[in-house]
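Spelled out from the first residue to the last, the chains are:
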Amino acid sequence: MFPPGSVWPRVRVLRVFWALLAVPLASSRVWESDDFQDCTWKVVLNKFDRVGDTHMSDRFYDQEPVDTVDSVFSMLVDSPIDPQEKYLGFPYYLKINYSCEGQLFDLTPQYFVNASSRPLWYTLDQSPVLILGGIPNEKAILLSDTNFETFSLVELSIDSCWVDSFYCPQADFSATIYDAISTESTLFIRQNQLVYYFTGTYATLYDRSHSSGSWVRVLATECIKRLCPVLFHSNGSEYVMALPTGKHEGYLHFGTITDGRVSFEMLPKGGSLCKHMFVGNCSITWAEYLSGEYILLLLVEVEDFNTKSFRVVRYNMSSDVTEVLYIIPDFIPDAEGMEFLMMVGAEMYTSSPMVPKGLFFNTYNNLLFIWGNFLLQSYNAENYTYLAGFPKELSIKYLVNSFGGDIAVITETEEIWYLLEGDYRVYQLFPSRGWSIHFSLQMLQQSSLYAANETTVTFFYEDRELYQLVYLMGHGQGRLVKRLVPVEKLLLYQQQSHYHLERQGGHPVLSFTNQCPFTMLSLANLPNPQAYTREERYLARPPHILERSGFHSKKSLAVYQGLLYYLLWLHSKYNKPYADPVHDPTWRWWKNKKQDQDYYLYLERNWLSAGGVHIDMASYEKIYNLKSEYQLPQFIFLDKGNSYEFSLKMRSKEGSAFQEQSKLAVGFGLADPHCIEAFAKQEATVLRNLVQFLITLRDKKLCYDQGISGHHLMKTSVMVKVRGSSGHCFQSTHFGLRMQGNMMLPVFIGCPPGKRLAFDITYTLEYNRLLNKQYFDCAHPDPEMPCFLFRDVFYPFFLIQDLVTGDSGSFKGRYVLKVVGGGPTLDSLRDYSEEEIYRFNSPLETVPPRTKSRIWTTKTTETTEDGAFHIMSPQSFGIEWLCLENSPCYDTVPQSIFSPEFFFKVLVSNRGVDSSTYCDYQLVFLLHIHGLPLSFRRALQIAIWSASVFVGLVTLYIALCLLWPLLVKAWDMFLWKMNAVVTSESYYSYTTATKSSSSSSGAKGHHQQQGHLQS
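A brief report on the enclosed structure follows. Within each chain, residues carry numbers counting from 1 in the order of the written sequence. Reporting of local features is limited, given that this is a predicted model, to residues whose pLDDT is at least 70; pairs of side-chain atoms are given and counted only at 80 or more, and all residues count toward the totals for whole chains, interfaces and linings. Only hydrogens and water are removed before side-chain values are computed, so all heavy atoms of the structure are retained for them.

**Re the overall build of the protein**
Thought 1: Looking only at helices and strands, one finds 14 helices and 60 strands in the protein.
Thought 2: Residues classed as buried in the protein amount to 49% of the 1015 residues present.
Thought 3: Contact criterion: two residues are considered in contact whenever any of their non-hydrogen atoms come within 4.5 Å of each other. Residue pairs at least 24 apart in sequence account for 61% of intrachain contacts in the protein once pairs closer than 6 positions are excluded.
Thought 4: Only the protein chains shown count as cover for residues, and all accessible areas are computed by the Shrake-Rupley method using a 1.4 Å probe. Summing over all exposed atoms, the protein offers an accessible surface of approximately 50,700 Å²; the carbon and sulfur share of this is 54%. Secondary structure counts use DSSP, requiring at least four H or I residues in a row for a helix and at least two E residues in a row for a strand, with both numbered from the N terminus. Only protein chains enter the accessibility calculation, which uses a 1.4 Å probe. A residue is then buried if its area is under 20% of the maximum for its type, exposed if over 50%, and partly exposed in between.

**Side note on the side chain of Ser909**
Thought 1: By the secondary structure assignment, Ser909 is in strand E59 (residues 901–909).
Thought 2: Judged by its relative accessible area of 11%, Ser909 falls in the buried class.
Thought 3: Other than its neighbours up to four places away in sequence, Ser909 contacts Tyr815, Val816, Asp920, Tyr921 and Gln922.

**Some thoughts on the pattern of salt bridges**
Thought 1: Salt bridge, as used here, is a side-chain nitrogen of Lys or Arg placed within 4 Å of a carboxyl oxygen of Asp or Glu. Scanning all chains against the criterion turns up 26 salt bridges.
Thought 2: Among the ionic pairs, Asp802 bridges to Arg534, the shortest N-O distance being 2.7 Å. Of this pair, Asp802 sits in strand E53 (residues 798–802) while Arg534 is found in the loop between helix H7 (530–533) and strand E38 (537–540), placing the two residues 268 residues apart along the sequence.
Thought 3: Under the relative-accessibility criterion, Asp802 is labelled buried at 11%.
Thought 4: Between Arg588 and Glu784 there is a salt bridge; the shortest N-O distance is 3.3 Å. Residue Arg588 is located in helix H9 (residues 587–590), and its partner Glu784 is located in the loop between helix H12 (761–772) and strand E52 (787–789); the two are separated by 196 residues in the primary sequence.
Thought 5: Taken together, the salt bridges that share partners define one network made up of Lys576, Asp580, Arg588 and Glu784.

**A short note on the nonpolar core**
Thought 1: Buried Ala, Val, Leu, Ile, Met, Phe, Trp, Tyr and Cys residues that are joined via side-chain atoms within 4.5 Å together make up what is termed a nonpolar core. One finds Leu296, Leu298 and Tyr386 to be the most contacted residues of the largest nonpolar core, which totals 103 residues.
Thought 2: Top contributing element to this core by residue count: strand E18 (residues 295–304), with seven residues.
Thought 3: Ranked by size, the runner-up nonpolar core spans 45 residues in total, among them Phe794, Phe902, Phe904 and Cys919.

**Topic: the packing of aromatic side chains**
Thought 1: Stacked, tilted and edge-to-face pairs are distinguished by plane angle, under 30 degrees for stacked and over 60 for edge-to-face with tilted covering the rest, among Phe, Tyr and Trp rings (Trp via its six-membered ring) whose centres lie within 6.5 Å. All told, the structure shown has 57 aromatic pairs when counted by the stated rule.
Thought 2: Judged by centre distance (4.8 Å) and plane angle (85°), the ring pair of Tyr532 and Tyr644 falls under edge-to-face. Pair noted here: Tyr532 is in helix H7 and Tyr644 is in strand E43 (residues 643–652), with a separation of 112 residues, a long-range link.
Thought 3: With a relative accessible area of 17%, Tyr532 lands in the buried category.
Thought 4: Judged by its relative accessible area of 2%, Tyr644 is buried.
Thought 5: Directly above the ring of Trp607 sits Arg548, whose terminal nitrogen or CZ lies 5.2 Å from the centroid.
Thought 6: Two conditions define a charge sitting above a ring: the NZ of Lys or the CZ of Arg must be within 6 Å of the ring centre, and it must be within 35 degrees of the ring normal. Of note, Lys818 hangs over the ring of Phe869, and the distance from its end group to the ring centre comes to 4.2 Å.

**Considerations on unusual backbone geometry**
Glycine aside, residues mostly have negative phi angles, and peptide bonds mostly take the trans form.
Thought 1: Of the consecutive residues Leu267 and Pro268, the connecting peptide bond is found in the cis state with omega at -5°.
Thought 2: Assignment of secondary structure puts Pro268 in the loop between strand E16 (261–267) and helix H4 (273–277).
Thought 3: The peptide bond linking Phe430 to Pro431 adopts the cis configuration, its omega dihedral lying at -10°.
Thought 4: Here Pro431 lies in the loop between strand E31 (426–430) and helix H5 (433–444).
Thought 5: We note that Asn525 has phi near 55°; this positive angle belongs to a residue other than glycine.
Thought 6: Mapped onto the secondary structure, Asn525 falls in the loop between strand E37 (518–524) and H7.
Thought 7: For Asn525, a relative accessible area of 58% gives the class exposed.

**Points about the state of the cysteines**
By definition, a disulfide links the sulfur atoms of two cysteine residues through a covalent bond.
Thought 1: Here, two cysteine sulfur atoms that lie within 2.5 Å of each other are counted as a disulfide. The full count for this structure, using the stated rule, is six disulfides.
Thought 2: Sulfur-sulfur distance for the disulfide between Cys516 and Cys729 comes to 2.0 Å. Where Cys516 bonds to Cys729 through sulfur, the torsion about that S-S bond is close to 105°, and the disulfide is right-handed. You can see Cys516 sitting in the loop between strand E36 (507–512) and E37 and its partner Cys729 sitting in the loop between strand E47 (714–722) and strand E48 (730–733), a full 213 residues away along the chain.
Thought 3: Assessed through its relative accessible area of 6%, Cys516 is described here as buried.
Thought 4: Here Cys675 connects covalently by a disulfide to Cys703, the sulfurs 1.9 Å from one another. Taking the torsion about the sulfur-sulfur bond, which here is approximately -90°, the covalent link between Cys675 and Cys703 counts as left-handed. Of this pair, Cys675 sits in the loop between strand E44 (666–670) and strand E45 (676–683) while Cys703 sits in the loop between strand E46 (690–699) and E47, and the two are 28 residues apart along the sequence.

Here it is in structure tokens:
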């Protein structure tokens, strides 16, 4: 038995392709323990036949639907479902449980003790699994598909052949997996100087008998010293970079992963980087790929004239051009007493050498870091700022970026430092006074996530929060746990360490120094988020259970699965050329059942619903009016000229609002100021000490051309900062302690996802009927594709449908209309070639030499720049059909006794002609035209045939009229003669029979008399 869905108090939103099994049940430990951070939601998948089994979890790799629910739906008579539909379900159920036991996994200490942490590399928002190497002397990786809530230790069966030779230097051999990168379809690892990749079902990794053949060795003749990740996908592909050593030092192998296919290209194309830079020897230390720009940023060590130096080099993959952007100083600048130092060339230097080790580029804000035993940052890769707060005695091992304004810096000694992007101050998190306070509190609470003996495995960001994967040793047992690094709490503890004693009433009182410039900060007037985040959401409540126990059964869960799958099927099917009268994917589901809604409700209230399940039609709908949660979204999309507005309220600590206006100031950090602009307008308030700003972010219509909806977007960001708040302002929320005063908002400029162009058939029919004073549909009308008469002027109209917000309005931009295919029947449709499309649609066909191939024309005179095609708009003149003698619709043979018909495949596109949007709208739809005229020859032939048949029929009629009396008379004569003959024959037969009878009687009497006489 399962908890009932009918008692769920809140509206749930369908965001994954799984059916919810049950309401989460809180563990009894919640009531017994105050250690709530150890309590988490646990999610597992179960097969249909194992629903409800406790402590059971299944893994699924086959995503095909199953038909286990159709038999249940066949019993639901008198329910708002379509009995003609075949309902399918998912091959699994999602089971959610609330547990306070924590995720603890026992692993051998040798895997982690005395091992250093390593970076976790993967393609953001794409990789279904995460992998982590670095296990000492083991050909094994940690693999997780739950962000290390759960994981597996997988031993790899790879050949480990070592290509040690004179051109492949290697100090020693180790079985350790040094670099590990996961993408959406492929895993990459490096062991020693060998690179392998895996493509396939991840379940194969657990099978030692097959996993060896699944790992493919790539770059077999190369010695690879490092793999460099590319964290963002672009242009439909993912990428990875391999840095060789030995014979190909100074080159880079650029790997592209597209649909599971891996290919590598050696760059630069025109020779080694040393040749491009005109130096003797060089070595690439690190590489960063700027996704979508075909640019590589390289950290290069140059050795020339017995001197060594490091340079930042830009390589253009398209033009094969190399440019030195920055020569890194040999020594660390002298910035004692400063937080940062601008590198302008006139600064003083210490005797400590600068040792660069890597680069890090944030594509959202164009912020480039050069890191080693120092931190340099730049917004243009040419002008740099030295962050003096990071000690030169330490050396950075790797950086971890949240891409939301936060950076964690991990050193070789496992220290944790923290940096807010856009700020210059670096904070030490571990070891620190704040960490000591936090750790002591956790040990007092006997938290299972902390121990006296710990080894860090890795750090990573999840939902903009920093997590640590750590190995704990205690009581002779080792455990691997995932725990939150409370950055805000650590900074707050460190801030509260600044205090002094004050005398109040003769008693000393602790007084903490509050460095935050405001006492309250909140966001107001936030717009509904869906218009900017572009998330489509559905309401999908489970069916009501007509059981007194109120618990779900497998039957009701099967119904819920079928309804969810059907809802998602409607969602995918909705993207069609002809717009529905109602802009909602669920409209077709219930449009024929709404009138019976009261009847279904009557059955439910009287416990008469079939199958003991009541389906409420109002429980399955698309959500368009989701409200804001009083915080900025994780990201927004902006179309051409669009803006995003919200209000920022702050309450000053003391004095009047007028006095505090100069102190409470708002600033902006724009990653691309030539593309986006930001304003802060102070608004009047009636409350004392309250300052309110209206923040406006707006696209400047300059940095993007046109693109397909949701593709090839430009990444940028806006940082909203309150002066003096960085690292000083905190607020307790129901999400936990949050830092205030620094808000980074990633922005995607381009055509937002979920916007499409559709043929407005409803208004097109109405407008055509109005202007043409008539409308004639086909003899056999199709409600999904109405017909239009050939001789009527055709006025098409189109809609811009927003699948996220539900908005639907007329498309008012300009567009090009082309007939790109067609045929007299749906079965005979064909696509036209480029040359045919030009001949059939171009207005230049009216200029000699004419081919007489045009299908249509218009009185609109505006054309594209080359004059090849007409530019249309809602204000344009209509389309007149021509079908000239060399066009495919000329002289169409009728398929029946009705007039000829033709199906045109029409392409509508606004690319290159519409400047009102970044969206490259393309719509292809079929247009059914009837009443096409016949050619003169065929019309003459049909006329002759028709006349011949008519004359023949008339002649036959006249002949029949003239000859009919004679024929009747002849027929009567024939019948009289036939009757006479029949009568004569009958009389003759009768006479002959009579005579024969008389003769027989006389002979018989004579014989009798003779016999009598004789006797």
